[in-house]
Amino acid sequence: MNDYYLTPCKELLMHLFVDNLTNVDFSYLDSRRGIVGETWLANAALDGALDEQGMVCDFGIVKKTLRHWLDDQVDHRLLVPTRSPQLTLEHNRDQVNLAWLLENGASIKVSGPEQAFALVDAEVITPESVAVWCVQQLASHFPDSVEKLKLSFHCEVIEDAFYHYSHGLKKHLGNCQRIAHGHRSRIQIMTGGQRDTELEKYWAERWEDIYLGTREDLVSTTADDRGEDIHNFAYSAQQGNFTLSIPAKVCEILDCDTTVEQLAQYIANTLAAKEPGKAITVRAYEGIGKGAIASTQTS
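An account of the accompanying structure is given in this report. Please read all numbers here as calculations on a predicted model, not as lab measurements.

### A short note on the nonpolar core
Nonpolar side chains tend toward joint burial in soluble globular proteins.
Next, step 1: In this structure, Leu-70, Val-74, Leu-79, Cys-134 and Phe-153 are the most contacted members of the largest nonpolar core, which totals 30 residues.
Next, step 2: Mapped by element, the contributors of at least two residues to this core are β2 (14-30), β3 (34-48), α1 (59-73), β8 (117-120), α2 (127-138) and β9 (146-154).
Next, step 3: Of all hydrophobic cores here, the second largest spans 26 residues; its members include Tyr-163, Trp-203, Val-260 and Ile-280.

### Here's the deal with the pattern of salt bridges
Next, step 1: Counted according to the given criterion, the structure contains 16 salt bridges.
Next, step 2: Across the pair Arg-33 and Asp-209 runs a salt bridge whose closest N-O atoms are separated by 2.7 Å. A residue pair is termed long-range when its members are at least 10 positions apart, and Arg-33 in the loop between β2 and β3 and Asp-209 in the loop between α3 (197-206) and β13 (210-214) qualify at 176 residues.
Next, step 3: Assessed through its relative accessible area of 10%, Asp-209 is described here as buried.
Next, step 4: Asp-255 is the salt-bridge partner of Arg-215, the closest N and O atoms lying 2.4 Å from each other. Of this pair, Arg-215 sits in the loop between β13 and β14 (218-223) while Asp-255 sits in the loop between β17 (251-254) and α4 (260-274), and the two are 40 residues apart along the sequence.
Next, step 5: When its relative accessible area of 64% is taken as the criterion, Asp-255 is described as exposed.

### Re the sheet that holds strand β6 (residues 95-101)
Next, step 1: In spatial order, the strands read β5-β6-β7-β16-β15-β14; together these six strands make up an open sheet with antiparallel pairing. Unpaired on one side and paired on the other, β5 (87-92) and β14 mark the two borders of the sheet. Averaged over all pairs of adjacent strands, the angle between their axes in this sheet comes to 15°, without regard to strand direction.
Next, step 2: Summarising the sheet, β14 and strand β15 (residues 229-237) pair through five bridges and their orientation is antiparallel. Counterpart to Leu-218 in the pairing with β15 is Phe-233.

### Some thoughts on the pairing of strand β11 (residues 181-191)
When a strand is regular, its side chains alternate between the sheet's two faces.
Next, step 1: Most of β11 is tucked away, with ten of its eleven residues classed as buried.
Next, step 2: Where β11 folds back onto strand β12 (residues 194-195) in an antiparallel hairpin, the turn is made up of two residues, including Gly-192, whose phi is positive at roughly 60°.

### Description of the pairing of strand β7 (residues 107-113)
Next, step 1: Counting buried positions along β7 yields five of seven residues, so the element is predominantly enclosed.
Next, step 2: Here β6 runs beside β7; their pairing, made up of seven bridges, is antiparallel. By the bridge assignment, Ala-99 is partnered in β7 with Lys-109.
Next, step 3: In this antiparallel pair of consecutive strands, β6 and β7, the connection spans five residues, and Gly-105 shows a positive phi of 95°.
Next, step 4: In terms of strand pairing, β7 meets strand β16 (residues 240-247) through three bridges, oriented antiparallel. Residue pairing for β16: Ser-111 is matched across the bridge by Thr-243.

### Topic: the packing of aromatic side chains
Next, step 1: The tally for this structure, following the rule as stated, stands at twelve aromatic pairs.
Next, step 2: Measuring from centroid to centroid gives 4.8 Å for Phe-26 and Trp-40, while their planes differ by 70°, and the two rings are edge-to-face. With Phe-26 in strand β2 and Trp-40 in strand β3, the pair connects residues that are 14 residues apart, well separated along the chain. Of the two residues, Phe-26 and Trp-40, both sit in the buried class.
Next, step 3: A ring pair is formed by Trp-69 and Trp-133, whose centres lie 5.8 Å apart and whose planes are at 55°; its orientation type is tilted. Of this pair, Trp-69 sits in helix α1 while Trp-133 sits in helix α2, and the two are 64 residues apart along the sequence.
Next, step 4: Ring pairing ties together the aromatic residues Tyr-163, Tyr-165, Tyr-202, Trp-203, Trp-207 and Tyr-266, which thus form one cluster.
Next, step 5: Across from the ring centre of Phe-162, 4.2 Å away, lies the NZ or CZ of Arg-184, which sits over that ring.
Next, step 6: Residue placement shows Arg-186 over the ring face of Tyr-285; its charged tip is 5.4 Å from the ring centre.

### Let's talk about unusual backbone geometry
Next, step 1: For Asn-20, which is not glycine, the phi dihedral falls at a positive 50°.
Next, step 2: Tracing the sequence through the fold places Asn-20 in strand β2.
Next, step 3: Residue class for Asn-20 comes out partly exposed when judged on its relative accessible area of 46%.
Next, step 4: Despite not being glycine, Asp-209 shows a phi value in the positive range, around 55°.

### A look at α3
Next, step 1: Buried within α3 we find Leu-199, Glu-200, Trp-203 and Ala-204. Buried positions in α3, seen along its axis, are confined to an arc of 140° and lie on one side of it.
Next, step 2: Regarding α3, its N-cap is Asp-196, as a side-chain oxygen of that residue lies 3.3 Å from the backbone nitrogen of Glu-198 further along.

Reading the values: rules and limits
- Residues numbered from 1 in each chain as written.
- Predicted model: local features only at pLDDT ≥ 70, side-chain atom pairs only at ≥ 80, totals over all residues.
- Heavy atoms only, no water.
- Core = buried A, V, L, I, M, F, W, Y, C linked by side-chain atoms within 4.5 Å.
- Buried < 20%, exposed > 50% of the residue type's maximum accessible area, 1.4 Å probe, protein only.
- Helix = DSSP H or I, 4+ residues; strand = E, 2+ residues; numbered from the N terminus.
- Salt bridge = Lys/Arg side-chain N within 4 Å of Asp/Glu carboxyl O.
- Pairing = 2+ DSSP bridges.
- Axes fitted to C-alpha atoms, helices over the stretch in contact; angles between N-to-C directions.
- Phe/Tyr/Trp six-rings, centres within 6.5 Å; stacked < 30°, edge-to-face > 60°.
- Lys NZ or Arg CZ within 6 Å of the ring centre and 35° of its normal.
- Arc of directions from axis to C-beta.
- Polar contact = N/O pair within 3.5 Å; in protein donor to acceptor, adjacent residues only side chain to side chain.

Right, dumping it as structure tokens:
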């Protein structure tokens, strides 16, 4: 857990902690994996002197302040390590334009309003680097009685299959409309009333670090200077104009929007077409503890 002193220590400090405070769903840029959809749980701890109420800080204030800030500044954003040599970054009024060079020589380009990005002062995105950045940003958000803030992130423990996916939902009225945000999600599949771990493993591998694009948002497919196909997506949404250019080999194009409801149905329909007469049930998660169930059967 990373910590940051808000004021000099003056006396013996008391310790306050909040485990599994909230979770954040987002995507981040990685030089090897590309755009990675992720979900982290957040833990917090505070040290400080007791105030006139005999508290370091009211739990209600701690939870409300941290949840609100993480929801506003990290959740459903694309996390960008601004000190990475892989990054080229431009600001045009309230618009961010970036290019990200991958280890294999391919590149990813993303543009959108500033609120769609978290520009993290780090060379790489890790739970530790993001925690340090968050704590520095949060330094002024707590009362004087709080002298040290600690923050840590960790992934949900998933024993079964899961995948990392990124997407954008242009029709969504909230932050899901951002073109590059994502989730780390488990997948459970039943065929003929029995759990099918082989199919779960197949989809986990098929959608490992995938970008799920809607066909109507795909404006063109071009070739880069290495001859690799690049999918170019663009749309206008309530928050502004978004574009994404990404290697086609890390995309799957769907003839529907990529809500979790439609992703579950897409998987079920795809499997049913290959398993005639067999009942298929798909339980697809969107991050932690939420998702959709779709069932189908062909005759």
